[in-house]
Every structure is written in C-alpha cells, then in structure tokens.
Protein chains: 4
Amino acid sequence: MKAGIVGATGYGGVELSRLLSSHSHIESITLYSSTQSGEGISESYSHLNTAQDQLRPLKPTAMKAELDVIFLATPAGVSRKLTPDLIGGKAKVIDLSGDLRLTDPNAYTKWYKKEPAPESVLKQAVYGLPEWNREAIQSAKLIANPGCFPTAALLGLGPLVKEKLLDPGRIVIDAKTGVSGAGKNPNPLTHFAHTQENVQIYKVNQHQHIPEIEQQLTVWEESMAPVTFSTHLIPMTRGIMATIYGELTSTHSIEQLYDCLTAYYGEQPFIRLRKPGHYPGTKDVYASNYCDIGITIDERTQRVTIVSVIDNLMKGAASQAIQNMNLAAGIEETTGLLHIPVYP
Amino acid sequence: MKAGIVGATGYGGVELSRLLSSHSHIESITLYSSTQSGEGISESYSHLNTAQDQLRPLKPTAMKAELDVIFLATPAGVSRKLTPDLIGGKAKVIDLSGDLRLTDPNAYTKWYKKEPAPESVLKQAVYGLPEWNREAIQSAKLIANPGCFPTAALLGLGPLVKEKLLDPGRIVIDAKTGVSGAGKNPNPLTHFAHTQENVQIYKVNQHQHIPEIEQQLTVWEESMAPVTFSTHLIPMTRGIMATIYGELTSTHSIEQLYDCLTAYYGEQPFIRLRKPGHYPGTKDVYASNYCDIGITIDERTQRVTIVSVIDNLMKGAASQAIQNMNLAAGIEETTGLLHIPVYP
Amino acid sequence: MKAGIVGATGYGGVELSRLLSSHSHIESITLYSSTQSGEGISESYSHLNTAQDQLRPLKPTAMKAELDVIFLATPAGVSRKLTPDLIGGKAKVIDLSGDLRLTDPNAYTKWYKKEPAPESVLKQAVYGLPEWNREAIQSAKLIANPGCFPTAALLGLGPLVKEKLLDPGRIVIDAKTGVSGAGKNPNPLTHFAHTQENVQIYKVNQHQHIPEIEQQLTVWEESMAPVTFSTHLIPMTRGIMATIYGELTSTHSIEQLYDCLTAYYGEQPFIRLRKPGHYPGTKDVYASNYCDIGITIDERTQRVTIVSVIDNLMKGAASQAIQNMNLAAGIEETTGLLHIPVYP
Amino acid sequence: MKAGIVGATGYGGVELSRLLSSHSHIESITLYSSTQSGEGISESYSHLNTAQDQLRPLKPTAMKAELDVIFLATPAGVSRKLTPDLIGGKAKVIDLSGDLRLTDPNAYTKWYKKEPAPESVLKQAVYGLPEWNREAIQSAKLIANPGCFPTAALLGLGPLVKEKLLDPGRIVIDAKTGVSGAGKNPNPLTHFAHTQENVQIYKVNQHQHIPEIEQQLTVWEESMAPVTFSTHLIPMTRGIMATIYGELTSTHSIEQLYDCLTAYYGEQPFIRLRKPGHYPGTKDVYASNYCDIGITIDERTQRVTIVSVIDNLMKGAASQAIQNMNLAAGIEETTGLLHIPVYP
C-alpha cells in the first residue's frame, strides 16, 4: 500500500511515519505539509536526522488517485475542509482530528467553536474504535479516528455500560495526560519550567472530547445522562490514565464485573485486563497500542472504580489509526502493531 | 521556645528543621532519632552539609521537662508508643503521624492494621486543622496534625458540606500526589526509572486517610455517607491536588458557591481562593503553607468540581504543624510561615 | 529601603520579588514592566494569586530620586539603554543582565552581537562577585551582577587559579543547567515534551558567558589562556553544576588543594566546601544562596576535578543580587539570604 | 535460532526480551533467573502483564546443547562464574556484564574489586564493538558486549584517535547518564525524590569503565595516556551523552575532522553524523540502536569537542548485543534493529 500523511510535522504525524516505516504492507510513505513543504522532515525532527523524506505540498486530486490510504494528522478545523476533496477515489481516508467524530454538526459547533464538516461527509465517516466497531470499519472508506481521552474512557466503560451494570446518571471520569497531548507548538502551559512539578487541571467541563464520549455511551445505553469529565496535565510526555467512577445499578461481585469485561475483551488483541485488585500505570503501555484496564468495587460504597491507560500518541492516535487501516484494508488487524511497551 | 523533633531524619522531620530554624520564636532545635543517634544530620542530608546538629537518642523524661514543643515526625505505629511518656509535662506535643487522628480506636485498627493508641491519650488529642478547629488548638497540649490528603480534601469540602450544599452520599475525591509522600526509604514504587513517565493508582478504596476524611466530614454533616477516595502517584516530588466531585442538593449558581467559600475562608491567612473559572496547579503552592482552591459547577450535570492544592510536606505536614504550634503557644498564627511559593 | 524591580515579570524578577518581600530592611517593593504595565503581577504568575502588586511603567527620573535600590532583571540589550538614566541619583543600581559585566565594549559586541553600553557607564560598574570583590561592592553605586555560569565556574576556580596551582592553558568547564536558565518565553527548546528525557548541548564555544569567565580569570592570573566552556540543558527546572577539569602546575596532594580552598572560603557565609572525596549535587543548594564545592585529584593523570553547584535563579541571579545590595547598603551581608535549601 | 537470557529480570534482560520477540530469526526465547525461577516475568514487570514466560533455573549443560545463543545480562561477578560452563557447546555466548571485557585480569581486580574470570576464558572473548571489530565478532563464539559509557566514548573518539589527530595525553570525557544505568534495585541514589531536580557526579576517577575505554584507545594509539572520565546522574530514565574534549596534534579544519569521521562511519548503519555546528541530544536516539555524533573545533583554543549520544539500554546494552548476535550468526547485521527512535 502507498500511504500519505497530511500534517506530517505534528506529533501524530511523526508517530504515524515511524510506525508505517516498519509495517510490512506499506510500500511507500509520502509526507505532506501545507506550511513546510519543500523542507526535509529532519529539519523539524532531529531524531530523524538521516531521513531523506521531503515534505510535499497537498495535491488532493493526485493523492486520492495514487495513494491507498491517507492519514489526516491535522489540527481541528483543517480536515473538514480537506476531506471532501480526498474521498471518493482509491484512497481510504483516516482522520485523526476531531472534525468527523461527532455525527451531530451542532454539537461540533458548540464544543469546537468552529464550522462543522458537511453533513454528507459526516455521514460517510465511521467511528474507528475497533474493539466496538470492527465490522463497520472493515468496509469503511472514511474513518474518524477516536480522540485520545475517548479511547481510554470508552474502552474502560464499554462492557459495564452496554450491560447496564452502571447507573447512567452517575459517571465521573477523571483523566490524567502527558504533555505531548497538547501538541508540538510551544506555549506557556507546555514550558518545562512551568509544567515540571506541577499538576494542572484544564478545560473543566468544557473539553471537546466530552460530546464524543457521550455520543458513544448513548449508543450503548439510550438513557445515558451527561457525564462529568476532567483532564489534568501531568509532568510526563506520554500516557493517559482515565480513572472512572460509577455506581452499580444492582449488587454485583467484583468477579462478576471482571467476567463481564472478559466476555467483551478476552479475545481483543490490544486490551489487557488486570486481575481484580491490580491496576495498570501509564508506563505499562508506553509506546504500544495496548489499552490496559483494572477494575474494583468498594464494598463500603458499592461504587466501581475503573482504571484505563493508553499511550495518547499510540492507541490514542497513531497506532489506533493503523489498526483501523489494517481493518479497512482487509489485512490482519495486528500487523505492524505488536510492539511490547518500552520499559523502563 | 525550645523545640525537639523526633524522627528528624525523615522528610517531615527535615522540613520541620528547615522551617523552625528561621522561626523568630524558636531558641533551640534538638533532633532525635532512635535509629541514627550519634550521627550528624548532614550524613543523611547532604544539602545540610555544614550543619552541626547531632542526632540524639530519645529521653522522654528529660524531653518533656526541658522542651516547649515536641514534634513527632515518626511513621505510623511509633507515636502511639511514645506519646504517653511525652505528655503531661511542660512540652506541647504535635504528632505528624496518623496515630492520634482517629477518635475511634477500632477504626485505627481496621485501616492501619496496627494496635491503636490508648484511649486516654486519644481523648486528649486535638485535630490540628486550624482553619476549622482554631479554638481547640489554642488550648491544646496534644495535637494530631492532619494527614496530607485529608488536609487538601477537607479544606476543599468544608464550607459546602457544612452548609449542606452537597449531597452527602455522592462525594468522589480523586487525589494526585508527588513521590515524597511515600517517604525517604527507597522501594520499587519510588525508583526513578519506574516512576518517571508513569501515573500509578494505589491503595484504591483502602487508603488509611479515608476514615480521617470521613470523621471530619461527619462532624460537619451528620448524615455523611462513605466517600470514594483514590490516590495517584505522579512523577513529581512535591504537591497534592485533590479533585473533588460532588452533587448539589439544590440549584445554586457558581457565585453562590464562591460566596460560601469566601464567607469561611476570606480571612484565613493560608487559604487562597481562585475566582470562578480559575483553578490552581500544585506548583502554585510549592514550598509554602498555602492551600489554593478553585471551584466550578457544570451547568449540564449540576455537579460541582472543587480543586484543592497543597504542598504535601508543608501544609500537608511540617508547616501546618508549625501553624498549630503557633496557635497552641499563643503567638501570631502566621509566624515563620509566610513564605511565598518557590516558582518556577 | 525602597526597592524597585525592572523586568518584574521574568523569572529573575519574580525571584527578586519573593526574596525582597521577606527581607527585614525592605520597606517597599515596586514592580516595573515596560510591556505589561497596568496589569497585576498575579496575571503572569498564578502562584502569586492574591498579590496586589501592579506593574508600573518605567519613569527613570522619579525612580532614581525615590528608590534606594533598583534591580534590572531585563534581557541583554535593555539595561545598557536604561542605566544611564537611572544612575547618579539616590538609587543604587544592580543589573542582572550581561550588559555591564564586560569591561571591554568590543568583547560585548563580539559575544552578544549587540551595541555595548557607553564606556562611561561600564567604568562605573563593579563586578558583583562578593566572595572576590567585596570591598569594591561595598562602595559601589552600580553593580553588574554576575552571570549564572560564571558564578559557578569562577567560585570553583578562584582559589587554585589565584594561587597559580592550575595550568592556565588547560582549563575545561563542562556546565549543566536547568531549563529556567532559558527564561520564561516558550520556545521549542523549552517544550516539556522535547526537553524531558533529553540532555542537549548548546552554544558550544559560543556562549556569551565565556568572555565574562575569562575576564575574571585573567584578573587572577595574567597569563590565562582561553578556556573551553560547554553548556548542557538538563531536564530539570533549577540548578547549575560546573564540572571543571584542570591540570596541576606541580605535584600537590588533595589535602593541599583542599586547604587552599579553605583558606579562601572558610569564612565565606555562602560557600560550603565538601570534604575530599565528596561532591555536591545541584539539589543540595535548591532555592538557596549557597555555592557548594567539591574537589579531587586523579592520581593517574594529576588532573584536578572541581565540582561547583548553585541554584541558577538564586546565587546565579536573584539572591546574589540581594547579597550585593546588602553589601552596597552597608548592612549585614547575609540579611534575608540564610535560607536552608529546599529538599527533597 | 533459540535464544536464552540469563538475568532476565534486570533492565538489560527485559530489553533483550522485548527486542528478540520481534526478531525475525528468533524461534524461541527462554528466560533464566537464579533468584526468581518459577515465577512469571510479569510478576516483576507489569508492562508484560499478559506474557506467559516463566523464569527457569539455570541448567548450563542443557543450555549449551539446546540454545543457539545465550545472553548473560547479569551483574558484575556473575558471568565470570557462569561462562566456563556455557562455552564450548553449540551456543554462542554474549556477556553484557563487565566480566570479560578487560584482557588484563589484574585490571579487572583493581577496578571491579572482584576475582577475575579465568584467563583461558578471557582469551576467547571478543570485544563486541561492531563498528570497529566486525570481523572478529563474525567468527566469535564468546563476545564481551561493551559497557554503555565505553560505547558512547569510543565511538566518538575512534576515528580521530586512530588517525592520530588528537593529543593522546589530553583527553577529557564528561559523561551524563539516565538513572536506568544504575539498574533495577532501589537505593537512595535512584529514589525519585532525591534524583528529580538533581545532577549528581559519582565514582569520579574511579568508574570501572575507565580501563575498558583506555584498553581500546590503546589499541588505536599505542602512546595513549590515561584519560579523565566523569559520570553524572541526570534526572531522566534513559540516555547517555559523552561530551569529549581533546586537543589537536596539528592544525585542522572542522571539515577535515568531519571528513575523517565520514571515512570511518559513512557506511555504518547505526552511526549518524551531524553536520558541523549541529549536535545530537540524547532523545534523538531514544529506544534505538543509533549512536549520533556531532563535532566542532574551537578556533580560539584549537580544542575539539565531540558529542556522542546513545540509549544506554539499547546501543549501550541490549540492542548492541543483538547486533553482535546477528554478526556472529552470519545474518544481516541490522536484522531486528532498525527501530526509529521514539519521539517525543
């Protein structure tokens, strides 16, 4: 397959490039950048200092004809403009931004404060959460790759919500993320001297990933109420932990909950459950496509705590996009993705 | 005043020593250690490399007669043994461990898995949260200095719980802490290579600070139910953020909640409220005695989010102990404590 | 004394403000900013969230008449313009930038790539390294506060160079610094995701602190040759370690070298020598005015290694400026500066 | 090939395991541990939480008959005892410890303070620095994998020393390393709260890697004198930078030096040279087998600065061991090793 990466100089783009370069079905990778075309990628990324790849300007007509897959690793507001020109040809399009995830254009406008993508485009987009949407992805031409926080939160919540074990009105998600989630552009919040030795909460009740989480929860449970979702910036580069608090609709043992998760995830190649009483840390999935999940019940409160961790740039962005590509291309889902986490 | 520090080689002890050495009412500081007596403190702490202080063996009879204040910065299980011999003399005793905080000895046994202190001693101990217990502290001879997590959580929750604005059955506290909270002894969890780039959850629903939080909440609100409380280890040295989720008992505006906090804390020298829509980070209180608090309501869920930050070694331990000492000694509460946070 | 801080919103300015606010001889502190006048300092620094201080526009005529001391915590190129209007009045002026440190204007032009200060101003400026220039500072009206790297390097080298124990042609200084040395403005080099898990070397052989180091070394040893000086950016916020390599001019024992250092520094309040075979780490001086020094000889090579550490924002900037202020004002040199390092 | 890893629970062992599991010529991996046999590897490493591998006890006779390659990732002093029983069979043995690197047993005793390996074993060991010793490695049955610091230092120094461009009496190597170099066992030096915000120098002039560096330098340049070598512990997990200072034996331009490096390294798959004036950071090689090198001359001093970076657990340990395995097994040298560095 011939792959193209638009927005190749962002963190998501550079991870896609790294992963695709060792993918056995990828024959060529072309890097596109609207702002830095003509430069070499190594001018932006010194860890690629001997790479020969040049950044190309976008030529949608040629791209959709020649490429087999196009990844859009662009900021919010960009892919809604690019997508109409890139779909309909040979290339499958996988969008890593939030532009195509919300089926309701009004929700997009409300949370992203931007113009939404055309409804005709939105309708073609398949939500690329493979563990829950595998069949639709396999036949998709246009895939909306999930956000990093929704990936962690939804994979943690899915089985219990689908089985109506959790009170739909009482879900609280407290998320912690590394700084790379804020992207490559320097700003006061990502300055080392400010971020080191600091935990910061941001976008309280206003994060644009909230409607994405709620949209999928409502697919599973019609009566889902709005959730509480908070994000914290942690002095680390990669990783997300979603600590999820819920209340049981009726009495269940921890073994029953664990069995429920096992029923859904036992065969999933990229989900690793922890035995009851054990919980993953973010470093357990560093630089891998895994989502690790732990769960417990507090006997005193009958409240459930679910701990779900991913690498925000991998399962939260680039490697999940490749998992989607594999499915859409009809090749083995795990191709090029079975990296053991890098530790320590 | 002549001060003695028992457990002088732990992180709490070394912070007490630092703070007392610039306290205008302290005439002498004697360091005690049961395990390292005879050594100089600088053998344990190279940042004190020209300090002359020698660690002394404990001699309770002499100590209670000669000292004006004794700080117990010892691990759980130690001060319950030491306290009976240290009280009743001239010295006021301030215990930084958890041994004297729970009025119910059975709760101590259950959560600490140790023998409790004698009930006669527990009855004399005053809970040293100055913002809520100032009068009792002023006449106390024995003070139980609050735990780091309870300090952050209780200062955040106090006004709304006391005013019955929060549903007593729906409180979730998600806490994040720096590694110094785990103490000085090296172990796999505090190894740099393991902790860096890692968020880890630990002691889920089992942390010994849970009964301490609930005990005080119940003082404010009789019908308080058990809370959910989680602790996360963050790759930083100092700092605690408690992110607290609650549900309003009836409709209130954010301004009303802010006014409620102001009514309680407007005159408190060490609590700094953030304007609605603003939230503190842990670095805002680094190396200071401040507790900074932000609050908001989610219009969609009518849920409240309270963000409370402290330095776990300062307001969460050593500087709060000195605040208690000041009160008990009848001197100005802020003496020796008005440090501006160290930033960046 | 009434103090003014120009450039109050930089890291140096905010540290000056913190230190002066607890200085017993300071009656008032006025903050000046050319770019943010009218704002409150807490808009830039949330750790000062209840501070009332407003940033004022610069009015040199009034300032020099009303203030007793003016600190210039401005970027290179600014104080050379401001100084002529600020000197000659009541106020003593202490410049924390590099503008007034080099006595040779051509050297300034060469290394700073900027116009130098007027020679008449340069001639009045006294180099503010108290341990070596105390008398001149005591009578100075205009003080050039040393750079962070020169402070660490010169304090380490002084005694051995002055006593001609080191070959003046063979000095290599390998310096490591925290990120705060790069200042508050965000840029790609200070982005957390880039800096974490990274050691970076920069300005190799081109750092503007090189001529400052050589100027002072030449004062001590006329035949001093150019030195080799490298700077490395370390994933930490504060601290400088200068590892200094030299060759002995003749055979000496480590005890002789240690005695040489003791002769110069034994009575210095802010220099702490380590016993032979022991070396300080940067954390040993965190948030303090100390410079800690260790030294050894390699029996195999007869080469000397000197390890000198400071906090770059304290002894390398703000607290050393206050040490200079104390001397110039005729008050006790250590006033307001005897902070024990913050650890851990 | 069937591979065995002895010392599988150390950081080196776990990296070997990760790399071999995606190596196309490896058919099976068996993990050995003398202290934890019977346990699963995931009990020690939660990032391997679904791995099935059990730790086996050592059975040298069976191992040397059944395995094709045995990696010894054991502490100093262990492989000297194990090696005699493991060599002479089918298995090639690659030792990652320092036990077999020094050809002079007296040097081992002096620097390691332990009994050396038998001379008969030492004579069979080939020093596994592929870029300089490829042919010998290709026919080796027993390989001494280089130390992490020697790898960085020697790859930086090789071309200029071999070509006698550097004064053999004036080499200074200032090395910086991440904390993982200290191994998995917790101790006060690796405690997060102590190491964060700290640069520490250790084993000054006494590091056991010094004789290893000098041994190879003397191979290249008979008149080599002892070098100065210092190691600094940096608050990061992975990475080594060796900053190397030398003096030219005669005048050369930077282009000539760069050409010299290019002549030796232009075709080396794992060495990436930076253009003059550019220098690598440790993050440029994170989780990869690359060694990146930059070089410059100071016109003022005619001194050379060479900057050489590696990942201490990869090119400094595990991935270099696999590079050696590939060579010794007669397969393509780069097999399983062409990982792009993980960034950010």
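Residues numbered from 1 in each chain as written. Chains lettered and ligands numbered in written order. Predicted model: local features only at pLDDT ≥ 70, side-chain atom pairs only at ≥ 80, totals over all residues. Heavy atoms only, no water.

- With an unreviewed UniProt entry as reference, chain A is termed N-acetyl-gamma-glutamyl-phosphate reductase, source organism Halobacillus naozhouensis.
- If you open the UniProt record of chain A and go to Function (unreviewed entry), you find "Catalyzes the NADPH-dependent reduction of N-acetyl-5-glutamyl phosphate to yield N-acetyl-L-glutamate 5-semialdehyde." (UniProt positions renumbered as here; feature names shortened; annotations may be inferred.)

1. Re the overall build of chain A
And then number 1: Helix and strand content of chain A: twelve helices and 14 strands.
And then number 2: In terms of overall dimensions, chain A is globule-like: its C-alpha atoms have a radius of gyration of 20 Å, near the 20 Å expected for 344 residues.
And then number 3: Judged by the C-alpha coordinates and their principal axes, chain A covers about 60 × 45 × 40 Å.
And then number 4: Across the 344 residues in chain A, those meeting the buried criterion constitute 65%.
And then number 5: Sequence separation of 24 or more characterises 69% of the internal contacts of chain A that already satisfy a separation of 6 or more.
And then number 6: Across chain A, the mean location of the 30 positive side-chain charges is 4 Å away from that of the 34 negative side-chain charges. (Helix = DSSP H or I, 4+ residues; strand = E, 2+ residues; numbered from the N terminus. Rg over C-alpha atoms; globule rule 2.2 N^0.38 Å. Buried < 20%, exposed > 50% of the residue type's maximum accessible area, 1.4 Å probe, protein only. Contact = heavy atoms within 4.5 Å. Lys, Arg positive; Asp, Glu negative; His and termini not counted. Charge placed at Lys NZ, Arg CZ, Asp CG, Glu CD.)

2. Observations regarding the relation of the copies chain B and chain A
And then number 1: Superposing chain B onto chain A takes a rotation of 180° plus a shift of 0.0 Å along the axis, which leaves an RMSD of 0.0 Å. The superposition of one copy onto the other is thereby described by a two-fold rotation axis. Using C-alpha coordinates, one finds that chain B approaches the rotation axis most closely at Pro-235 of chain B, a distance of 3.2 Å. (Least-squares fit on C-alpha atoms with pLDDT ≥ 70 in both.)

3. A look at the interface of chain C and chain D
Interfaces are often described in size by the accessible area the parts lose on coming together.
And then number 1: Contacts between chain C and chain D engage 49 residues on the former and 49 residues on the latter.
And then number 2: At the junction of chain C with chain D, the criterion picks out six salt bridges.
And then number 3: Where chain C touches chain D, the interface holds 38 residue pairs in polar contact (both at pLDDT 80 or more).
And then number 4: Mapped onto the side of chain C that touches chain D, the elements with two or more residues apiece are β8 (172-177), α9 (192-195), β9 (200-202), α10 (210-220), β10 (228-233), β11 (240-247), β13 (291-298) and β14 (303-310) of chain C. (Salt bridge = Lys/Arg side-chain N within 4 Å of Asp/Glu carboxyl O. Polar contact = N/O pair within 3.5 Å; in protein donor to acceptor, adjacent residues only side chain to side chain.)

4. A closer look at the UniProt feature "active site" (unreviewed entry) in chain A
Residues and elements named next belong to chain A.
And then number 1: Within this numbering scheme, the UniProt entry marks Cys-148 as carrying the feature "active site" (unreviewed entry).
And then number 2: Of note, Cys-148 is situated in helix α8 (residues 148-162).
And then number 3: Judged by relative accessible area, which is 14%, Cys-148 ranks as buried.
And then number 4: Apart from residues no more than four positions distant in its own chain, Cys-148 is found in contact with His-209, Ile-240, Ile-310, Asn-312 and Gly-316.

5. What about the UniProt feature "domain: Semialdehyde dehydrogenase NAD-binding" (unreviewed entry) in chain A?
And then number 1: Following the UniProt record, the feature "domain: Semialdehyde dehydrogenase NAD-binding" (unreviewed entry) maps to residues 2-140 of chain A here.
And then number 2: Each end of residues 2-140 of chain A is marked by a C-alpha atom, and these two atoms are 18 Å apart; helix forms 37% of the span and strand 17%.

6. Focus on the side chain of Thr-228 of chain C
And then number 1: Within the fold, Thr-228 of chain C resides in strand β10.
And then number 2: Of note is the side chain of Thr-228 of chain C, whose polar atom sits 2.7 Å from the side chain of Arg-303 of chain D.

7. Some remarks on the pairing of strand β13 (residues 291-298) of chain A
Sheet faces and side chains relate simply in a regular strand, where the side chains alternate between the two faces.
Residues and elements named next belong to chain A.
And then number 1: Of all the eight residues making up β13, eight are buried; the element is thus mostly covered by neighbouring parts of the structure.
And then number 2: Here β13 shows no split at all, with Cys-291, Ile-293, Ile-295 and Ile-297 on one side and Asp-292, Gly-294, Thr-296 and Asp-298 on the other all buried.
And then number 3: Inspection of the sheet shows strand β12 (residues 271-273) paired to β13 by three bridges, in the parallel sense. Within β13, the position partnered with Arg-272 by the bridge is Asp-292.
And then number 4: The pairing of β13 with strand β14 (residues 303-310) spans seven bridges and is classified as antiparallel. What sits directly across from Ile-295, in β14, is Ile-306. (Pairing = 2+ DSSP bridges.)

8. As for the packing of helix α1 (residues 11-20) of chain A against helix α12 (residues 318-329) of chain A
All names here are of chain A.
And then number 1: It is the contact of α1 with α12, at a shortest axis distance of 8 Å, that shows an interaxial angle of 50°. The angle between α1 and α12 places the two elements in the oblique class. Here the hand of the crossing between α1 and α12 comes out right-handed. Side by side, α1 and α12 meet where Gly-12, Glu-15, Leu-16, Leu-19 and Leu-20 of the first sit next to Ala-318, Ser-319, Ala-321, Ile-322 and Met-325 of the second.
And then number 2: Considered class by class, the residues forming the contact of α1 with α12 number seven nonpolar, two polar and one charged. (Axes fitted to C-alpha atoms, helices over the stretch in contact; angles between N-to-C directions. Parallel < 35°, antiparallel > 145°, perpendicular 65-115°, else oblique. Left-handed = near helix turned anticlockwise from the far one by under 90°. Nonpolar A, V, L, I, M, F, W, Y, C, P; charged D, E, K, R; others polar.)

9. Brief notes about the sheet that holds strand β8 (residues 172-177) of chain A
All names here are of chain A.
And then number 1: Strand order in this open sheet of seven strands is β9-β10-β8-β11-β14-β13-β12, and the pairing throughout is mixed. Pairing within the sheet leaves two strands with one partner each, and these edge strands are β9 (200-202) and β12. Averaged over all pairs of adjacent strands, the angle between their axes in this sheet comes to 20°, without regard to strand direction.
And then number 2: With six bridges joining them, β8 and strand β11 (residues 240-247) adopt antiparallel strand pairing. Across the sheet, residue Asp-174 finds its bridge partner in β11, namely Thr-243.
And then number 3: Across the sheet, α8 is in contact with β8, β9, β10 (228-233), β11, β12, β13 and β14; its angle to β14 comes to roughly 140°.
And then number 4: In the packing of helix α11 (residues 254-265) onto the sheet, the strands contacted are β12, β13 and β14, and the crossing angle to β13 comes to about 155°.

10. Focus: the domain arrangement of chain A
All names here are of chain A.
And then number 1: Assigned domains within chain A: domain 1 (2-145 + 317-329) and domain 2 (149-310).
And then number 2: With both sides pooled, the region where domain 1 packs onto domain 2 buries about 2,100 Å², and carbon together with sulfur makes up 56% of that total.
And then number 3: Per-residue buried area on domain 1 facing domain 2 is highest for Tyr-11, Trp-111 and Trp-132; these three make up 36% of the total on that side.
And then number 4: The interface formed by domain 1 and domain 2 holds two salt bridges in total.
And then number 5: The residue Glu-212 makes a salt bridge to Arg-101 at a minimum N-O spacing of 3.0 Å.
And then number 6: At the level of elements, α1, α5 (105-112), α7 (130-138) and α12 are the ones that each hand at least two residues to the side of domain 1 that touches domain 2.
And then number 7: Of the residues in the side of domain 1 that touches domain 2, the class split is eight nonpolar, seven polar and five charged. (Domains from an automatic or database assignment. Buried area = accessible area lost by both parts, 1.4 Å probe.)

11. Examining the state of the cysteines
And then number 1: This structure, assessed with the given rule, holds zero disulfides over all chains.
And then number 2: Here Cys-148 of chain C is not cross-linked by a disulfide; its sulfur's nearest cysteine counterpart is in Cys-291 of chain C, at 13 Å. (Disulfide = S-S within 2.5 Å.)

12. Digging into helix α7 (residues 130-138) of chain C
Three- or four-residue spacings in an α-helix give side chains the same orientation, since the helix completes a turn every 3.6 residues.
And then number 1: Every buried residue belonging to α7 of chain C is among Pro-130, Glu-131, Trp-132 and Ile-137 of chain C, and all of these are buried. Down the axis of α7 of chain C, the buried side of the element spans an arc of 160°, and every buried residue falls inside it. (Arc of directions from axis to C-beta.)

13. Considering the environment of Leu-327 of chain A
Residues and elements named next belong to chain A.
And then number 1: By secondary structure assignment, the location of Leu-327 is in helix α12.
And then number 2: Taking relative accessible area as the criterion, Leu-327 reaches 5% and is therefore assigned buried.
And then number 3: For the pair Leu-327 and Arg-18, spaced 309 residues apart in the sequence, the C-alpha separation amounts to 19 Å.
And then number 4: The contact partners of Leu-327, leaving out residues within four places of it in the chain, are Pro-130, Arg-134, Ile-137, Gln-138 and Glu-333.

14. Quick word on the packing of aromatic side chains
And then number 1: Enumeration according to the criterion identifies 30 aromatic pairs over all chains in this entry.
And then number 2: Between Tyr-343 of chain B and Tyr-45 of chain C, the aromatic rings sit 5.7 Å apart at their centres with planes inclined by 75°, giving edge-to-face as the arrangement. Of this pair, Tyr-343 of chain B sits in the segment after α12 (318-329) while Tyr-45 of chain C sits in the loop between α2 (41-44) and β3 (55-56), each in a different chain.
And then number 3: Seen from their ring centres, Trp-132 of chain D and Trp-220 of chain D are 4.5 Å apart, and the 55° between their planes marks the pair as tilted. Taken together, the positions of Trp-132 of chain D in helix α7 (residues 130-138) and Trp-220 of chain D in helix α10 (residues 210-220) put the pair 88 residues apart, joining distant regions of the chain. Trp-220 of chain D matches Trp-132 of chain D in its accessibility class, with the two residues each being buried. (Phe/Tyr/Trp six-rings, centres within 6.5 Å; stacked < 30°, edge-to-face > 60°.)

15. Focus: the relation of the copies chain C and chain D
And then number 1: Overlay of chain C on chain D (RMSD 0.0 Å): rotation 180°, translation along the axis 0.0 Å.
And then number 2: A shared binding surface is used by both copies, with 100% of the interface residues of chain C retained as interface residues in chain D.

16. Description of the pattern of salt bridges
All names here are of chain D.
And then number 1: One pass over the structure, following the stated rule, counts 72 salt bridges over all chains.
And then number 2: The partner of Glu-131 in a salt bridge is Lys-315, with the nearest N and O atoms 2.9 Å apart. Here Glu-131 is found in helix α7, whereas its partner Lys-315 is found in the loop between β14 (303-310) and α12 (318-329), with 184 residues between them in sequence.
And then number 3: When the shortest N-O distance is used, the salt bridge between Glu-247 and Arg-303 registers 3.4 Å.

17. Describing the environment of Leu-189 of chain B
All names here are of chain B.
And then number 1: Tracing the backbone shows Leu-189 in the loop between β8 (172-177) and α9 (192-195).
And then number 2: In the structure, Leu-189 is positioned 44 residues away from Leu-233 in sequence and 9.0 Å away in space, judged by C-alpha atoms.
And then number 3: If we ignore the near neighbours within four places in the chain, the residues touching Leu-189 are His-194, Thr-195, Gln-200 and Leu-233.

18. Comments concerning unusual backbone geometry
Keep in mind that most residues, glycine aside, have a negative phi and that most peptide bonds are trans.
And then number 1: Here Tyr-343 of chain B and Pro-344 of chain B are connected by a cis peptide whose omega angle stands at 0°.
And then number 2: Tracing the sequence through the fold places Pro-344 of chain B in the segment after α12.
And then number 3: Notably, Lys-113 of chain A is not glycine yet its phi reads approximately 55°, a positive angle.
And then number 4: On the secondary structure map, Lys-113 of chain A appears in the loop between α5 and α6 (119-124).
And then number 5: The backbone of Ala-287 of chain C sits at a positive phi, close to 60°, despite the residue not being glycine.
And then number 6: Locating Ala-287 of chain C in the fold gives a position in the loop between β12 (271-273) and β13.

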